[in-house]
Amino acid sequence: METGDPLVTASWLKQNISAPDIRVVDATYYAPFLKAEKTGREDWAEAHIPGAVHFDIDAIKAGGTDLPHMLPDPIMFSSRVRKLGIGDGNRVIVYDNNNYCAAARVWWMLRVMGHNDVKVLDGGLAAWKAEGGELEDMPPVAVERHFTARVRSDLVKDAEQVAAASETGSHAIVDARAVGRFTAEAPEPREGLPSGHIPGSTCVPSSNLINPDGTFKSVSELQGLLSNHKAPTITTCGSGVTAAILALGYARLGNWDVAVYDGSWTEWASDPSRPVATGAA
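All chains use their own residue numbering, which begins from 1 and follows the written sequence. Local features in this predicted model are restricted to residues of pLDDT 70 or higher, and side-chain atom pairs are both shown and tallied only at a pLDDT of 80 or more, whereas totals for entire chains, interfaces and linings draw on every residue. Hydrogens are left out, water is left out, and the side-chain values use all remaining heavy atoms of the structure.

A.B. asks: Sorry if this is basic, but what is going on with the sheet that holds strand 8 (residues 202-203) here?
C.D. replies: Strands in a sheet are paired, the pairing made by backbone hydrogen bonds, and the direction either parallel or antiparallel. Spatially, the five strands line up as an open sheet ordered 6-10-9-7-8, and their pairing is parallel. Of all strands in the sheet, those bounded by a partner on one side alone are strand 6 (156-157) and strand 8. One bridge is not enough; two strands pair if DSSP finds at least two bridges between them. Under the DSSP-based scheme used, a helix requires at least four consecutive residues in state H or I and a strand at least two consecutive residues in state E, with every element numbered from the N terminus.

A.B. asks: I would appreciate a short explanation of the environment of Leu209 in the present structure.
C.D. replies: Examined against the element boundaries, Leu209 turns out to sit in the loop between strand 8 and helix 8 (219-225). Sequence separation between Leu209 and Glu221 is 12 residues, and the spatial gap between their C-alpha atoms is 8.3 Å. Pairs of residues are marked as contacts when any of their non-hydrogen atoms sit within 4.5 Å. Not counting chain neighbours up to four residues away, the residues in contact with Leu209 comprise Val204, Thr215, Phe216, Lys217, Leu222, Leu225, Leu226, Ile245, Leu246 and Gly249.

A.B. asks: I keep staring at the pairing of strand 5 (residues 118-121) and nothing clicks. Help me out?
C.D. replies: Remark: a regular strand shows side chains that alternate across the two faces of the sheet. Note that strand 1 (residues 7-8) and strand 5 share two bridges and pair parallel. Bridge pairing in strand 5 links Val8 to Leu121. Here strand 4 (residues 91-95) pairs with strand 5 via three bridges, running parallel. Counted as the bridge partner of Val94 is Val120 from strand 5. Read as a crossover between parallel neighbours, the route from strand 4 over helix 4 (residues 103-112) to strand 5 is right-handed. Convention used here: a crossover is right-handed provided that the path from the first strand, over the helix, to the second strand proceeds clockwise when the strands point away from the viewer.

A.B. asks: Please explain the pairing of strand 9 (residues 233-236) as it appears in this structure.
C.D. replies: We call a residue buried when its accessible area falls under 20% of the maximum for its residue type, exposed when it is over 50%, and partly exposed in between, using a 1.4 Å probe and counting protein chains only. The side-chain alternation of strand 9 yields two buried faces, one formed by Thr233 and Thr235 and the other by Ile234 and Thr236. Strand direction decides the pairing type here: strand 7 (residues 172-175) and strand 9, joined by four bridges, are parallel. In the sheet register, Asp175 faces strand 9, and the bridge partner there is Thr236. Bridging between strand 9 and strand 10 (residues 259-261) involves two bridges; their strand directions are parallel. For Ile234, the partnering residue across the bridge sits in strand 10 and is Ala259. Each parallel crossover has a hand, and for strand 9 linked through helix 9 (residues 243-252) to strand 10 it is right-handed.

A.B. asks: Explain the state of the cysteines to me, please; I cannot follow it from the model alone.
C.D. replies: Each disulfide consists of a covalent bond between the sulfur atoms of two cysteine residues. The criterion for a disulfide is a pair of cysteine sulfur atoms lying within 2.5 Å. If you walk through the whole model with that rule in mind, you get zero disulfides. The closest cysteine sulfur to the non-disulfide-bonded Cys101 is located on Cys237, 8.6 Å from its own sulfur.

A.B. asks: What's the story with the sheet that holds strand 3 (residues 53-54) in this structure? I'm lost.
C.D. replies: If you trace the five strands from one edge of the open sheet to the other, you get 1-5-4-2-3, paired in parallel fashion. This sheet does not close on itself; its edge strands, each paired only once, are strand 1 and strand 3. Examined bridge by bridge, strand 2 (residues 22-26) and strand 4 share five bridges and lie parallel to one another. The partner of Ile22 across the bridge, within strand 4, is Arg91. In this analysis an axis means a line fitted to C-alpha atoms, helices contributing only their contacting stretch, and an angle means the value between N-to-C directions, from 0 to 180 degrees. In the packing of helix 4 onto the sheet, the strands contacted are strand 4 and strand 5, and the crossing angle to strand 5 comes to about 175°.

A.B. asks: Just checking my understanding: could you explain the environment of Leu7 for this structure?
C.D. replies: Among the secondary structure elements, Leu7 is positioned in strand 1. Note on Leu7: relative accessible area 8%, which makes it buried. Distance in space between the C-alpha atoms of Leu7 and Ile93 is 8.8 Å, their sequence separation being 86 residues.

A.B. asks: Can you walk me through the layout of surface pockets in this structure?
C.D. replies: With a probe scaled to a water molecule rolled over the atoms, the places where space remains empty come into view. A 1.4 Å probe that fits but cannot get out identifies a cavity on a 1 Å grid over protein atoms alone, an open set with protein on both sides within 12 Å along at least five of seven lines counts as a pocket, and a residue lines either if it has an atom within 4 Å of a point. Grid points are joined across faces, edges and corners, and a volume is the space filled by probe spheres set on the points. Taken as a whole, the largest pocket encloses approximately 490 Å³ of empty space. For the largest pocket, the lining is made up of 24 residues, of which Phe33, Cys101, Arg181, Ser206 and Thr242 are closest to its centre. Per-class residue counts for the lining of the largest pocket are 13 nonpolar, eight polar and three charged. Approximately 240 Å³ is the volume found for the second largest pocket. When residues in the lining of the second largest pocket are grouped by element, the largest group, three residues, is from strand 2. Three categories are distinguished: nonpolar for Ala, Val, Leu, Ile, Met, Phe, Trp, Tyr, Cys and Pro, charged for Asp, Glu, Lys and Arg, and polar for the others, with Gly belonging to the last. Here the residues of the lining of the second largest pocket sort into 11 nonpolar, two polar and three charged.

Here it is in structure tokens:
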């Protein structure tokens, strides 16, 4: 059973980074609609925490679907993370340079695949720099390590399971997108996709969980934002990335069993047969 805080501080990482079982992972990712000047991998290549490998959610994903960065099968996942030097017995510390996008997603992916010894760096790369941590631009030499996948299917939901939860109220469904997209007052960034929300869901924008300096909100602040935080919960967003930020927030409050709807709004709203609600929850 997972307990404690899913976050570690930059101070802690600085003191423990040389431990032989620590693996640092840079998960920086920029969604296409952000029109960033560089990719997450280019960002990592310019400067990263010493020894950090880059985990690209656009490369370690399922094939055979037009949905973005869906979970791969355990065989593919194991093969890719082994090559990054991540394996059994490692303490994995994930960070990014973009407000937990996609550090929280990678944290969740590793847990879905059965690797529970994974934490997220509070404040990301900015916090590491503020702590006086060194940076490097040379890619580390990763030593392949065995990774045993033990899939936790309870941490991921598909469209049919979400539809059932929407109809029965068996789970709280919490949407991480901006309020305007949820209410349908603002457009979706993906062309041709209507805005709105899954009936019965509520909106807690993932940005609300993050302080201006990029650190995560305190436990007491999260309790005010994530009401009924002990209830069975499914988080959703545009494509399953920022939904994991909400799951990270719930884990800080002790609810480690929150599931992410992997296809999220991109999948839900692409099917005209599925109901779309508009306006406030």
